[in-house]
Amino acid sequence: MHACSKFISTCSLIRSTSQLLSRPLSAVELNRPQMWTDGGLSSLAAPRPLASLIPSPGFQTSVISRDIDTAAKFIGTGSATVGVAGSEAGIGTVFGISIIGYTRDPSLKQQLFSYASLGFALSEAMGLFCLMVAFLILFAM
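Sequence order sets the numbering: in each chain, residues are counted from 1 along the sequence as written. Note on the predicted model: pLDDT of at least 70 is required for a residue's local features to be given, and 80 or more for side-chain atom pairs to be given and counted; whole-chain, interface and lining totals, by contrast, use all residues. Only hydrogens and water are set aside when side-chain values are computed; all heavy atoms of the structure are taken into account.

Undergrad: Let's hear about a nonpolar patch on the surface: which residues, and what values?
TA: Where nonpolar side chains cluster on the molecular surface, the patch consists of M126, F129, M132, V133 and L136 and spans about 480 Å² of accessible area. Every helix listed is a DSSP run of H or I at least four residues long, and every strand listed is a run of E at least two residues long, numbered separately from the N terminus. Mapped onto the fold, F129 is located in helix α4 (residues 109–140). Note that patches include only residues with greater than 30% relative accessible area and no salt bridge, and the join distances are 9 Å for like charges and 5 Å for nonpolar side chains (Val, Leu, Ile, Met, Phe, Trp, Tyr). Each accessible area is a Shrake-Rupley estimate made with a 1.4 Å probe; only the visible protein chains count as cover when residues are assessed. The working definition used for a salt bridge is a side-chain nitrogen of Lys or Arg within 4 Å of a carboxyl oxygen of Asp or Glu.

Undergrad: If you had to explain the packing of aromatic side chains to someone new, which residues and values would you point to?
TA: Paired rings are identified among Phe, Tyr and Trp, the last through its six-membered ring, by centres lying within 6.5 Å, and are further divided according to the angle between planes into stacked (under 30 degrees), edge-to-face (over 60) and tilted (the rest). As enumerated under the stated definition, the model contains 2 aromatic pairs in all. Aromatic side chains F95 and F120 sit 5.8 Å apart centroid to centroid with 45 degrees between the ring planes, which places their arrangement in the tilted category. Of the two residues, F95 sits in helix α3 (residues 63–104) while F120 sits in helix α4, which places them 25 residues apart along the sequence. A residue is classified by how much of its surface remains accessible, and F120, at 33% relative accessible area, is partly exposed. Measuring from ring centre to ring centre gives 6.1 Å for F135 and F139, while their planes differ by 25 degrees; the resulting arrangement is stacked. Taken together, the positions of F135 and F139, both in helix α4 and 4 residues apart, correspond to about one turn of that helix. The buried label applies to any residue whose accessible area, calculated with a 1.4 Å probe on protein chains only, is under 20% of its type's maximum; exposed applies above 50%, and partly exposed to all values in between. For F139, a relative accessible area of 62% translates into the label exposed.

Undergrad: So what about the side chain of S98? Which residues, and what values?
TA: With respect to the secondary-structure elements, S98 resides in helix α3. Among residues more than four places away in sequence, those in contact with S98 are L112 and A116. Working rule for contacts: check all heavy atoms of both residues, and any pair within 4.5 Å makes them a contact.

Undergrad: Please provide a residue-by-residue account of the UniProt feature "transmembrane region" (unreviewed entry) in the protein chain, values included.
TA: In this structure's numbering, the residues bearing the UniProt feature "transmembrane region" (unreviewed entry) are residues 112–140. Measuring from the first to the last C-alpha atom of residues 112–140 gives 41 Å, for a span that is 100% helix and 0% strand. UniProt positions are given in the numbering used here, feature names are shortened, and annotations may be inferred rather than shown by experiment.

This is the structure we're talking about:
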């Protein structure tokens, strides 16, 4: 029986110690009420209940967490803007191939121009979508 009570008290001691260690020292020690005795300034004899040591359930974001979130936003934005460069490479390819096609057969000029215009529009639309996603990541989240 003595061993069981020793084990239970050890578990409660570990639990209360871990709660105390999770709070800053200033919040635990400096908020303890004190009184004057004959020997000088000392803490009150009655220990504080553990419920008063548990932090309030408010939402708090640390500076480190906000820095990591900001860095993730910038990395995501940079990754999304890579698609804009791919779009511009696609536009160059479309017009380069249309020029090559025109030099091989000049009679297909009107048909090649309509295909080049369609390719330009689709490639530019994909670039604008990538740019829109980049701005959404940067400013909306």
